[in-house]
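Fold and contact review
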Amino acid sequence: MNLAKVIVDVPTMQTNDPYTYLIPDELSDKIQNGMRVIVPFGAGGRKIQGIVADIDHNGDFDGELKEIDGLLDLDSALNDELLSMSKWMAKKTYSFQISCILTMLPSVMRAKYEKELIINDKQDVDDEVLSLFDGANSIDFKVEDIDSTILRKIIQYRKEDKLTVRYKVNDKAKAKKVYAVKPIINSNQAQDELDKLRKNSKNLAKLLDYIINNNEVTITQRKLVNDFNIPESTIKSGIEKGWLTRFWQEEYRNPYEQEVKPNYPLKLNGDQQKAVDSISEATNNEQSDVFLLEGVTGSGKTEVYLQAIQKALENGKTALMLVPEISLTPQMVKRVKGRFGNKVAMLHSGLSSGEKYDEWRRINNGEADVVVGVRSAIFAPLNNIGIIIMDEEHEASYKQDDAPRYHTRDVAKWRCDYHNCPLVLGSATPSLESRARATKGVYKLLSLPKRINNQSLPEVRIIDMKEEIKTTGDEDFSQELLAAINNRLQKNEQIVLMLNRRGYSSFVMCRSCGFVLHCPNCDISLTLHMDSRTMKCHYCGHEEPIPNKCKNCGSKKIRYYGTGTQKVQEKLQNLVPNARILRMDVDTTRRKGAHEKILQKFGNHDADILLGTQMIAKGLDFPNVTLVGVLNADTSLDLPDFRSSERTFNLLTQVSGRAGRADKEGLVYIQTFNPDHYAIRLAQKQDYELFYRKEMSVRHQTNYPPYFFTVKITASDVNEAKAAAKMFEIQKILKAKLSDQALMLGPSPSSILKLKNKYYYQIIIKYKNEPNLSECLNYILNHYQKDAQKGLYVNIDPDPLNFM
DNA sequence: AGCACGCCGACT
DNA sequence: GTCGGCGTGCTC
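Each residue is numbered by its place in its chain's sequence as written, counting from 1. Chains and ligands are labelled sequentially in the order written, the chains with letters from A and the ligands with numbers from 1. Where local features are concerned, this predicted model is filtered to residues with pLDDT of at least 70; where side-chain atom pairs are given and counted, the filter is 80 or more; whole-chain, interface and lining totals use all residues. Each side-chain value is worked out from all heavy atoms of the structure, with water and hydrogens disregarded.

1. Digging into the side chain of Asp 9
- Only DSSP runs of H or I with at least four residues qualify as helices, and only runs of E with at least two residues qualify as strands; both kinds are numbered from the N terminus onward. Topologically, Asp 9 is positioned in the loop between strand 1 (3–8) and strand 2 (19–22).
- This buried residue, Asp 9, is left without a salt bridge; Arg 110 holds the nearest opposite charge, at 6.0 Å.
- Here the side chain of Asp 9 touches Tyr 113 through a polar contact of 2.7 Å, side chain to side chain.
- Contacts: residue pairs with any heavy atoms within 4.5 Å of one another. Here Asp 9 is in contact with Ile 48, Gln 49, Ile 98, Leu 102 and Tyr 113, once residues within four sequence places are set aside. Note on classification: 1.4 Å probe, protein chains only; a residue is buried when its accessible area is under 20% of the maximum for its type, exposed when over 50%, partly exposed between these limits. Asp and Glu are treated as the negative residues and Lys and Arg as the positive ones, with His and the ends of the chain left uncounted. Here, a salt bridge means any Lys or Arg side-chain nitrogen found within 4 Å of an Asp or Glu carboxyl oxygen. In the analysis that follows, any N or O atom pair within 3.5 Å is treated as a polar contact, provided that within protein one partner can donate a hydrogen and the other can accept it, and provided that, for residues neighboring in sequence, both atoms belong to side chains.

Set out below in structure tokens:
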């Protein structure tokens, strides 16, 4: 029998293994592994999308088989590498293979399902049902949109064959099509036509002239109109006269409007050269080594990446480079594009889904040798990879927060092993896990200790805000920082200020009864936003009007506590009335391209002060910035997460690096209520190595990564007691199946107990070596799958980044 | 996910 | 008796 194994688009544990289908004769020569197909699945003629995992033209199957309905692709959507990776990834992340496959593909390749209801004979159905159709013979419908008594009738009619339900699998993956034209007469014929033409037919003459000179070429109609100044109406008459044919042609959408200036390799210093040599040697020898490139801000990591990529390309290989959030680093994008030109494909969140699909197809068709992108770009269908680079490898955005919960670093390592090529992890402040592996010799450490041009690091001063409050009562701006701001404004130099909290005030409290306004859906206080004049929840997006009296006691003594970027902007504008202030946070950058606009404006010196949340800390490089102020360094320090020190150190180090990159000396102020905390003290000295050692000893004492591995198990339900009870059940299973060396935290409510109207309870397992662990977790998944139908979800997050 | 089947309480 | 509620199990 001619059989295909198909992974069906039904994300459950029971359907995680492939199903076998018959291949109909007419598809036999076209079907390939990794193609998307439409298959019937279950009763009632339901149709769904699937992926071909295996083909056996001479197979056997014990039992009934259905036939594949049709193909959704002309070519494989997934090559063998990605197909086998999806299997590994499903296991590793405790998720379904189909979910892994669909995250690897551009979102438009995830089919939409629709149901169509068709009347067989209008005489058969009653008026109530007939009225749904509004005169037509068929309608698209969703079960949840239809009233239950009518639905019951529909089900009855369907049983009696009076109505038919047709399932549709709608592929959204559509290439953009444009009109193209091609001459169908030769140059001589065109010359004859030109001779016959009336003298005043200027446009037709132009068209014939074009045909004489471009006889064999296909050209888009748009180009013919724009570049040759021939109107569309003329092209149409040319077609009617039989000179040209017109047809639809696929075209890639072009997301890069502006031209990028080419740039050329820079001269490397000794450390950079050594790094490039070591990496290229691994590429040449096809060794899947992992390099940790540790270099302070401004040490020229990017140039190392680019030259290592160059070497891979010279070897006939391709390269993959990952960055945290590309829209934040337009400077980086320009540099890569400028170096490698149109061999580069970009995959980032600023592209529309159509543009992403086109970039994906360019890569899949082998038209791009270098791919630059964010997390999901790790799945780019490149062949023959010679190097994978992860810039700022410590960034949390490399880990996907929802299923499949993969870490880009793990996927990258898998691909490097597959392609026998090196993985380069670059950072000024590597994650402790990576740095520890480098110490153990699992990764090879390459360091760039010197800043290019021997620029000195900026001076960092810590300001104790406890003292400041005692003397001035101001908790936002210390005297010293304010003086420095004024000084820079006078010298016409620029300033970057970071406050890691958006909105106006973080909460409102009634001074009579102490009541704090909370989100009705989440266990979190609402933040005041002055621009929209609303109270907003930063987790679920809930908004409500600003209260003028307390909802609890009716008192009008309401006060706003805590400071956000909006309030600081207002306050700062009062303190320095002539300064031009730009604010950059989630609220001002929501629109597409808003990031770039703000950064460009600041880069052109159309503003003096850039005030923003942590998004300003990353990758931007403005030579005229000589002062950086961190208004409150404690926001990230106070979080209930063992990584809060590491995050704070990273953030402070990164934002400090924004000061004084050119010939001008930089100065950094860190305002804090914890001036003696080691994360802040060591960020002041920009001493990563010492921080690494100090933090490692803390992790050692508290049994946290990198000394222990962790897994987070979460249960969520609209009913708090059910979620909690489930976690206690799971705790019992874990205790029975794991060794007594595994440490368990919980069950406990998650630090945001209630989120979007669901309650969350969690257990964290810390372990060193638990051979039974994955079997045990799979048992839990299988055991609790039926609960998911009732809305009780159990989630497993291996190596979670977020402990809250 | 979405469907069918089967078991139970409430109703003509 | 039967209708329709929901819980459970299966889909090549």
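2. Brief notes about the sheet that holds strand 15 (residues 370–373)
- When DSSP finds at least two bridges between two strands, those strands are taken to pair. Here 7 strands make up an open sheet; going across it, the order is 14-15-13-16-17-12-18 and the pairing parallel. Of all the strands in the sheet, the pair left with one neighbour each is strand 14 (344–347) and strand 18 (444–448). The mean inter-strand angle of the sheet, taken between neighbouring strand axes irrespective of direction, is 15°.
- As a rule, the C-alpha atoms of each element are fitted with a line to give its axis, helices using only the stretch in contact, and angles between N-to-C directions run from 0 to 180 degrees. On top of the sheet, helix 15 (residues 432–440) reaches strand 12 (290–295), strand 17 (423–427) and strand 18; it is set at about 110° to strand 12, its chief contact.

3. Describing the packing of aromatic side chains
- What counts as a ring pair is set by centres within 6.5 Å for rings of Phe, Tyr and Trp (its six-membered ring), and what kind of pair is set by the plane angle: stacked under 30 degrees, edge-to-face over 60, tilted for all other angles. Evaluated as defined, the whole model comprises 13 aromatic pairs.
- Aromatic pair Tyr 210 and Phe 228: ring centres 4.8 Å apart, planes at 70°, arrangement edge-to-face. A residue pair is termed long-range when its members are at least 10 positions apart, and Tyr 210 in helix 7 (residues 202–213) and Phe 228 in helix 8 (residues 221–228) qualify at 18 residues.
- For the ring pair Phe 649 and Tyr 688, a centre distance of 6.3 Å and an interplane angle of 50° mean the geometry is tilted. Pair noted here: Phe 649 is in helix 20 (residues 644–656) and Tyr 688 is in helix 22 (residues 688–702), with a separation of 39 residues, a long-range link.
- The exposure class assigned to Phe 649 is buried, which follows from its relative accessible area of 0%.

4. Quick word on the UniProt feature "binding site: Zn(2+) 2" (unreviewed entry) in chain A
- This chain's UniProt record puts "binding site: Zn(2+) 2" (unreviewed entry) on Cys 519, Cys 522, Cys 537 and Cys 540. A maximum C-alpha distance of 8.7 Å among these annotated residues, which run over 22 residues, shows that they cluster at one spot.
- Within the element layout of this structure, Cys 519 appears in the loop between strand 21 (507–510) and strand 22 (527–529).
- Setting aside its immediate chain neighbours within four residues, Cys 519 contacts Ile 524, Leu 526, Cys 537, Cys 540 and His 542.
- Within the secondary structure, Cys 537 is located in the loop between strand 23 (534–536) and strand 24 (543–545).
- We classify Cys 537 as buried; its relative accessible area is 3%.
- The contacts of Cys 537, once residues within four sequence positions are left out, are Cys 519, Cys 522, Ile 524, Leu 526 and His 542. UniProt positions are given in the numbering used here, feature names are shortened, and annotations may be inferred rather than shown by experiment.

5. Focus: the environment of Leu 445
- Take Leu 445: it is sitting in strand 18.
- On a C-alpha basis, the gap between Leu 445 and Leu 292 in space is 4.9 Å, while along the polypeptide they are 153 residues apart.

6. Here's the deal with a positive patch on the surface
- Where like charges cluster on the molecular surface, the positive patch consists of Arg 110, Lys 112, Lys 142 and Lys 172.
- Turning to its location among the elements, Lys 142 is positioned in the loop between strand 7 (138–141) and helix 5 (148–159). A patch is a set of surface residues, each over 30% in relative accessible area and not in a salt bridge, joined within 9 Å for like charges and within 5 Å for the nonpolar side chains Val, Leu, Ile, Met, Phe, Trp and Tyr. Here the accessible surface of atoms and residues is derived via Shrake-Rupley with a 1.4 Å probe, and residues count as covered only by protein chains that are part of the display. Where a charge lies is defined by one atom per residue type, namely NZ (Lys), CZ (Arg), CG (Asp) and CD (Glu).

7. Some details on the nonpolar core
- By nonpolar core is meant a set of buried Ala, Val, Leu, Ile, Met, Phe, Trp, Tyr and Cys residues that side-chain atoms within 4.5 Å join together. Leu 105, Met 109, Ile 363, Val 371, Ile 378, Phe 379 and Ile 388 are the most contacted members of the largest nonpolar core, which totals 48 residues.
- Not counting the four nearest positions on each side in its chain, Ile 388 is found in contact with Leu 320, Leu 322, Ile 378, Ala 412, Arg 415, Cys 416, Pro 422, Leu 423 and Val 424.

8. Some details on the protein's contact with DNA strand C
- One heavy atom within 4 Å of a molecule or strand makes the whole residue count as near it. In the vicinity of DNA strand C lie 14 residues, with Tyr 19, Thr 20, Phe 41, Gly 42 and Lys 66 positioned nearest.
- Considering DNA strand C, the proportion of its atoms within 4 Å of the protein that are sugar or phosphate atoms stands at 45%.
- Between DNA strand C and the protein, one listed contact pairs a sugar or linking oxygen with a backbone N or O atom of Gly 42 at 3.2 Å.
- Lys 66 has a polar side-chain atom sitting 2.4 Å from a phosphate oxygen of DNA strand C.
- Of all the elements, strand 2 adds the most residues to the surface near DNA strand C, at 3 residues.
- Taken together, the residues of the surface near DNA strand C sort by class into 6 nonpolar, 5 polar and 3 charged. Classification convention: Asp, Glu, Lys, Arg as charged; Ala, Val, Leu, Ile, Met, Phe, Trp, Tyr, Cys, Pro as nonpolar; all other residues, Gly among them, as polar.

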